[in-house]
Amino acid sequence: MNPSITAAAFANGTLDVWRTGGSHSPLFTSSSSEPISGVAVAHNKPVVAVATGSRVKKFAGDRSQAWTLTVFDTGSRVSFLEFVDGDARVGVASNATEVVTFGDGQTTQLHALLHQTCTCIATGHGMVACGVTERGYCEQHQVKLFLADQERFLYNLSGHQWDVTCVNLRLSPENCLVSGCRDSKVRLFDLRAGHGPVVTFQGHAAPVSTVQCDEWKIVGGGTDGMLVVWDQRMKAKLWEMHNRHPVRFAQFEKQMLVTAHVPDDAFSDDAEDVEMVALRQNMGCLLVYDFSIEQLRDDLPDVCLSTYREPEGFNYNIGLAMPYGAL
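Residues numbered from 1 in each chain as written. Predicted model: local features only at pLDDT ≥ 70, side-chain atom pairs only at ≥ 80, totals over all residues. Heavy atoms only, no water.

Hey, could you run me through the sheet that holds strand S20 (residues 208-213) in this one?
Strand-to-strand pairing in sheets goes through backbone hydrogen bonds, with the strands running parallel or antiparallel. Strand order across the open sheet formed by 4 strands is S20-S21-S22-S23, with antiparallel pairing between neighbours. Edge positions in the sheet fall to S20 and strand S23 (236-242), since each of these pairs with one other strand and no more. On average, each strand axis in the sheet is tilted by 15 degrees relative to the strand beside it, whichever way the strands run. Bridge analysis of strand S21 (residues 217-222) against strand S22 (residues 226-231) gives 5 bridges, and the strand direction is antiparallel. By the bridge assignment for S22, Val 219 is matched with Val 229. (Pairing = 2+ DSSP bridges. Helix = DSSP H or I, 4+ residues; strand = E, 2+ residues; numbered from the N terminus. Axes fitted to C-alpha atoms, helices over the stretch in contact; angles between N-to-C directions.)

Structure below.
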């Protein structure tokens, strides 16, 4: 989704594109005989890319609502798909061993090494970040940074103990990068302060699936269903919330936070024979948190209230206590 268009891909190979904030009818629809494994939307242009098998299809719209198709074949299955900031180039990780950028008919290989596997990619601030695991006698886990405009390798970010599961670069402050790892830890990197993490946060009991940070806080979601907010300045946990299903998506802007929880087995093979109660329990959910709402209750005595000035306090009655609306 971007300010002009919203796109959704379905398992049957259908791609629908709508005008953001416009009609419920799609502007554009495309069908494919192969299932869609990934979809990405350009950050400031009406351009959508989808991955089907080894091919990447890029659809570019214009003011007359005409859509131009460009097809790029990687030769192997596409694992990750992201748009590069500032243009309509697509960053692609194919077969989990090669990272390329594709745009305007030109292909540039950023990463392809033997015994190394790409575990995630992210773009932002003119860079491409790639989580890499090197197999062998001495296993290494790191994030490789590339300059997208110059199409060259920059340096490695080390300090991970296991596979890097997610990286956020585009929504992070400039010169900052936040990563999640299979070792259940979240690491914050300052690209001006060396190649190691400046601070490491703990709070998950399973691999981290999504992360985001701003100037003072970090939000992390894990496959254990735990959503955690940390304060970078105090290097402490501010707030947490648990859901029965893993956190697949979490993104905040100012005082609003949106999360998506999707179970591992999202679809039942025989849904008609499943009890309605069990079916509802296995449904995913979308949660919207509004941290600007005052949560303190007037009828509680002062002894039950907690503030940030106290060394110990339960988050039941702090201003961040359970501000959410369930959709």
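Is there a simple way to explain the pairing of strand S1 (residues 5-9) in this structure?
Along any regular strand, the residues point their side chains to alternate faces of the sheet. Of the strand pairs in this sheet, S1 and strand S2 (residues 14-19) are connected by 5 bridges, and their pairing is antiparallel. Bridging across to S2, Ala 9 finds its partner in Leu 15. The loop that links S1 with its antiparallel partner S2 comprises 4 residues; one of these, Gly 13, has a positive phi angle of about 95 degrees.

Can you walk me through the nonpolar core in this structure?
Burial of nonpolar side chains together is a common tendency in soluble globular proteins. Grouped together as the largest cluster of nonpolar side chains are 15 residues, with contacts concentrated most on Ala 129, Leu 145, Leu 157, Val 167 and Leu 177. When residues of this core are traced back to their parent elements, those giving at least two are strand S12 (116-124), strand S13 (127-134), strand S14 (140-147), strand S15 (152-157) and strand S16 (164-168). What Ala 129 contacts, discounting residues up to four positions off in sequence, is Cys 120, Ile 121, Ala 122, Val 143, Lys 144, Leu 145, Val 167, Leu 169 and Leu 177. (Core = buried A, V, L, I, M, F, W, Y, C linked by side-chain atoms within 4.5 Å. Buried < 20%, exposed > 50% of the residue type's maximum accessible area, 1.4 Å probe, protein only. Contact = heavy atoms within 4.5 Å.)

Help me out: how do you make sense of the packing of aromatic side chains in this one?
One pair of aromatic rings is described through two measures. These are the centre distance and the angle between the planes. One pass over the structure, following the stated rule, counts 5 aromatic pairs. Plain terms: the ring middles of Phe 146 and Phe 153 are 5.7 Å apart, the flat faces sit at 65 degrees to each other, and that makes the pair edge-to-face. Judged by its relative accessible area of 2%, Phe 146 falls in the buried class. Looking at Phe 153, the relative accessible area reads 38%, which means it is partly exposed. The interplanar angle of 35 degrees and the centroid separation of 5.5 Å between the aromatic rings of Phe 201 and Trp 230 together place this pair among those described as tilted. With Phe 201 in strand S19 (residues 199-202) and Trp 230 in strand S22, this residue pair connects regions lying 29 residues apart in the sequence. The residues Phe 201 and Trp 230 share a single accessibility class, namely buried. Linked through ring pairs, Phe 28, Phe 59 and Trp 67 together constitute an aromatic cluster. (Phe/Tyr/Trp six-rings, centres within 6.5 Å; stacked < 30°, edge-to-face > 60°.)

Even after reading the chapter, I still don't get the pattern of salt bridges, so can you show me in this structure?
Two side chains bearing opposite charge may form a pair once their charged atoms approach each other closely. One pass over the structure, following the stated rule, counts 8 salt bridges. Between Arg 187 and Asp 183 there is a salt bridge, with its nearest N and O atoms 2.8 Å apart. Here Arg 187 and Asp 183 have matching classes, each one buried. Between Arg 248 and Asp 264 there is a salt bridge, with its nearest N and O atoms 2.5 Å apart. With Arg 248 in strand S24 (residues 247-253) and Asp 264 in the loop between strand S25 (256-261) and helix H1 (276-281), the pair connects residues that are 16 residues apart, well separated along the chain. For Asp 264, a relative accessible area of 68% corresponds to the exposed category. (Salt bridge = Lys/Arg side-chain N within 4 Å of Asp/Glu carboxyl O.)

Would you explain the sheet that holds strand S3 (residues 28-31) in this entry?
Ordered by their spatial adjacency, 3 strands build an open sheet running S1-S2-S3, and the pairing between neighbours is antiparallel. Here the strands that pair on one side only, and so sit at the sheet edges, are S1 and S3. Pairwise comparison of adjacent strand axes, ignoring direction, gives a mean angle of 15 degrees for this sheet. In the sheet, S2 pairs with S3 via 4 bridges, with the strands oriented antiparallel. Along S3, the bridge assignment pairs Asp 16 with Thr 29.

I would appreciate a short explanation of the environment of Gly 180 in the present structure.
Looking at the element boundaries, Gly 180 is found in strand S17 (residues 176-181). Considering only alpha carbons, one finds Gly 180 and Phe 201, 21 residues apart in sequence, at a separation of 9.8 Å. Ignoring anything within four residues of it in the chain, the contact list for Gly 180 reads Asp 163, Val 164, Thr 165, Cys 166, Lys 185, Val 208 and Val 211.

How should the side chain of Thr 133 be read in this particular structure?
For Thr 133, the location among the structural elements is in strand S13. There is a polar contact of 2.8 Å between the side chain of Thr 133 and the side chain of Asp 163. Those residues in contact with Thr 133, other than ones at most four positions away along the chain, are His 115, Gln 116, Thr 117, Thr 119, Glu 139, Gln 140, His 141 and Asp 163. (Polar contact = N/O pair within 3.5 Å; in protein donor to acceptor, adjacent residues only side chain to side chain.)

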